[in-house]
Amino acid sequence: MLGNFTYCNPTRLYFGKDAMQGLEKELPKYGKNVLLVYGGGSIKKNGIYAQVKAALEKYGKNVFEDAGVMPNPTVEKLYEGVERARAAKADLILAVGGGSVCDYAKAVSVSVHCDEDPWEKYYIRFEEPTCEIVPVACVLTMVGTGSEMNGGSVITNHAQKLKIGHVFGTEVYPKFSVLNPEFTFTLPKYQMVAGFYDIMSHILEQYFSGTDDNTSDYIMEGLLRSLIHSASVAVEDPKNYEARSNIMWTATWALNTLVAMGKDTDWEVHMLGQAVGAHTDATHGMTLAAVSMAYYRYIMPYGLAKFRRYAVSVWGVDPAGKTDEAVAAEGLERMEAWMRSLGLVMNLTDLGVKEDMIDGLVKSTLVMEGGYKVLTPEEIAQIFRASL
Ligand code: NZQ
Ligand code: ZN
C-alpha cells in the first residue's frame, strides 16, 4: 500500500536538440552576476562552453568562472567555490557538466550565505540550510546521476575517507536544466557506460524494497526495460539519438524522486560504492557495478518474491517448471551478462581495491535500513570480499 507523501518537483526541464533555447528564456529572470561552474575542460573541446558564454553575453551577464570541478568533487574544492561565489556576489550558479559539477553547484549554493562549515553542517550533521540559497541551474553534459532534477549533492572528504551525499529539499533543486542528448555524444565510452549503470542502480535501489503492490514498481520495470534496450543500442552506436535521448530521459526519471514516493527504498549499493569512491576516487557508476552482483546475490533470499518478479518482468525469464530461487538467479545472471556486454568494471580489484583495504571500506560504509536485509559489518566485509 502506498504510504502518505507530498510530492513537488520544481525543476523546469528543457529537453531536446533545441534545449539551449531554454537557457535564453531563463537567463533574463536572474540577476547580473553568474558564477559559471564547470569541470576539467571537456566543455571547451566540444563547443558547449562557447554556446553558454554566447548566451550569457547576449543577456549582459557578468560572468565569473569557477573551473576545475573534479569527478567526485572534494570538500577543499567546495571551500574554494564558496569563496568565489561570495567574491562574485553570485545571483545564479550555472553548472555546465555532469553530476559532479551540478552536485558541487548545489553545495556552494547552500554555503555562500552560511557562516558554518558546510562539510560539518550538511554532510556530517545532515542539517537543512537555514540561510539564503543562491539559485542553481544546470546544462547537463553527462547522463546518469539525476542531479539535474533532484536535491542530491555528493561531496568527498579524502582526509576523512568519507564520500557522503546530502539530499536537499526542493528549494535546492536546479531551477531549470537544459538537457540536449547531443551534448553527451562526446563522452568517452568508460564514462558513458558508467552513467548507464548509475541509472540502473538508482532504479534498483528503489525497486528492491518493500513487498506491497506499488505503482512505482511497475513504472520502474518500464524504465529498466527501456534502459536495458537503449544502453545495448548506444554501446554499439554511441551517436544513436533515439537511444541516447531515451537514456537521458530515463536517467532523470530514475532519480527525480517520483518513483520513491510512498514506498521504501534501499540505497545500500550506493553506500558500498561511495565507500569505495572515498578510498579510491574511482568513477561512481563503476564502483556500483563492481559491488552490485555480490550484494544482490547475497540479499536475494531475503527478498525472493521481488527478485523473481524482476527476473520475469524485466529480464523475460520464463518461470515455467522452475523454483522461485532458480528464476530469481536466472534474472541476476542475465543482468550480469548485460553488464559485461556494456564493458562495466565487474570487480573491485580493477578499481584498485586490495584485500587489506576491506576493514577501512567497512568503516566508511553507511548502513541503510530500507532494503531486504540490514547488513552487519561482517556481512559488508563479506560482500566486499566477494567483489574483489
Ligand atoms: O570534467 P570534464 O572535463 O568536464 O570531464 C568530465 C568528467 O571527467 C567528463 N564529461 C562530462 N561530460 C562530458 C565529459 N567528457 C566529454 N564529453 C562530455 N559531454 O565525464 C567525467 C565524469 O563527470 P562527472 O560529472 O563526475 O560524472 P557523473 O555525472 O557520473 O557525476 C558523478 C558524481 O555525482 C554523484 C557521484 O557520487 C559523483 O560524485 N552522484 C550524484 C547524485 C545526485 N545528485 O543525486 C546521485 C548519484 O548516485 C551520484 O552519487
Ligand atoms: Zn548513483
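Residues numbered from 1 in each chain as written. Chains lettered and ligands numbered in written order. Predicted model: local features only at pLDDT ≥ 70, side-chain atom pairs only at ≥ 80, totals over all residues. Heavy atoms only, no water.

## As for the pattern of salt bridges
How we decide: The rule for a salt bridge is simple: a side-chain nitrogen of Lys or Arg has to be within 4 Å of a carboxyl oxygen of Asp or Glu. Helix and strand assignments follow DSSP, with helices taken as H or I runs no shorter than four residues and strands as E runs no shorter than two, numbered in order from the N terminus.
Per the stated rule, a full pass over the model turns up 24 salt bridges. Two residues, Glu80 and Lys77, come together in a salt bridge whose shortest N-O distance is 3.0 Å. With Glu80 and Lys77 both in helix α4 (residues 75-88), this residue pair falls 3 residues apart, about one helical turn. Within the structure, one salt-bridge network assembled from shared partners comprises Asp66, Lys77, Glu80 and Arg84.

## Quick notes on the packing of aromatic side chains
Heads up, the condition is: The rule is short: rings of Phe, Tyr and Trp, with Trp giving its six-membered ring, pair when the centres are within 6.5 Å, and they are stacked under 30 degrees, edge-to-face over 60, tilted in between. Buried, partly exposed and exposed residues are distinguished by accessible area as a fraction of the type maximum, computed with a 1.4 Å probe on protein chains only: under 20%, between the cut-offs, and over 50%, respectively.
Scanning the entire structure with this criterion turns up 16 aromatic pairs. Each ring, one from Tyr30 and one from Phe176, has its centre 6.1 Å from the other, and the planes form 40°; the classification is tilted. Of this pair, Tyr30 sits in the loop between α1 (20-26) and β2 (33-38) while Phe176 sits in strand β8 (residues 176-179), and the two are 146 residues apart along the sequence. The exposure class of Phe176 is buried, given its relative accessible area of 0%. A centroid spacing of 5.5 Å and a plane angle of 65° characterise the contact between Tyr38 and Tyr49, whose relative ring orientation is edge-to-face. Of the two residues, Tyr38 sits in strand β2 while Tyr49 sits in helix α3 (residues 48-58), which places them 11 residues apart along the sequence.

## What to know about the site of ligand 1
To be explicit about the condition: Nearness is defined per residue: one heavy atom within 4 Å of the molecule or strand is enough. For the purposes of these results, a polar contact is taken to be a pair of N or O atoms within 3.5 Å, where, inside protein, one atom must be able to donate a hydrogen and its partner to accept one; residues adjacent in sequence count only when each atom of the pair is a side-chain atom. Per-residue and other accessible areas were derived by the Shrake-Rupley procedure at a 1.4 Å probe size, with only the shown protein chains allowed to occlude residues. Just so you know the grouping, Ala, Val, Leu, Ile, Met, Phe, Trp, Tyr, Cys and Pro go in nonpolar, Asp, Glu, Lys and Arg go in charged, and all remaining residues, Gly too, go in polar. Here the limits of each domain have been adopted from an automatic or database domain assignment.
Close contacts around ligand 1 come from 30 residues, with Gly40, Ser42, Gly99, Ser100 and Asp103 the closest. Thr141 places a side-chain nitrogen or oxygen 2.8 Å from a nitrogen atom of ligand 1. Compared with its free state, where it exposes 960 Å², ligand 1 has 89% of that area covered by protein. Looking at the shell around ligand 1, the elements with two or more residues in it are α5 (99-109), β6 (152-157) and α7 (189-207). Split by residue class, the shell around ligand 1 holds 8 nonpolar, 19 polar and 3 charged. Mapping the shell around ligand 1 onto the domain boundaries places at least three of its residues in each of domain 1 (12-183) and domain 2 (189-387).

## Structural notes on the packing of helix α11 (residues 284-299) against helix α15 (residues 377-387)
Applied cut-off: Each axis is a line fitted through C-alpha atoms, and for a helix only the stretch in contact is used; angles between axes span 0 to 180 degrees, taken between their N-to-C directions. Each angle is binned into one of four classes, with values under 35 degrees roughly parallel, values over 145 roughly antiparallel, values of 65 to 115 roughly perpendicular, and all other values oblique. Helix crossings fall into two classes, left-handed where the near helix is turned counterclockwise from the far one by less than a right angle and right-handed where it is turned clockwise. Pairs of residues are marked as contacts when any of their non-hydrogen atoms sit within 4.5 Å.
In the contact formed by α11 and α15, the axes pass within 8 Å of each other and the chain directions differ by 125°. One element, α11, and the other, α15, form an angle in the oblique class. Every pair of crossing elements has a handedness; the one defined by α11 and α15 is right-handed. On α15, the residues that touch Ala290, Val291, Ala294, Tyr295 and Tyr298 of α11 are Glu379, Gln382, Ile383, Phe384, Ala386 and Ser387.

## Concerning the environment of Asn347
Relative to the helices and strands, Asn347 resides in the loop between α13 (324-342) and α14 (358-363). Spatially, the C-alpha atoms of Asn347 and Arg385 are 9.9 Å apart, while their sequence positions differ by 38 residues. A polar contact is formed between the side chain of Asn347 and the backbone nitrogen of Thr349, at a distance of 3.1 Å.

That's the geometry; what it means functionally is another story.
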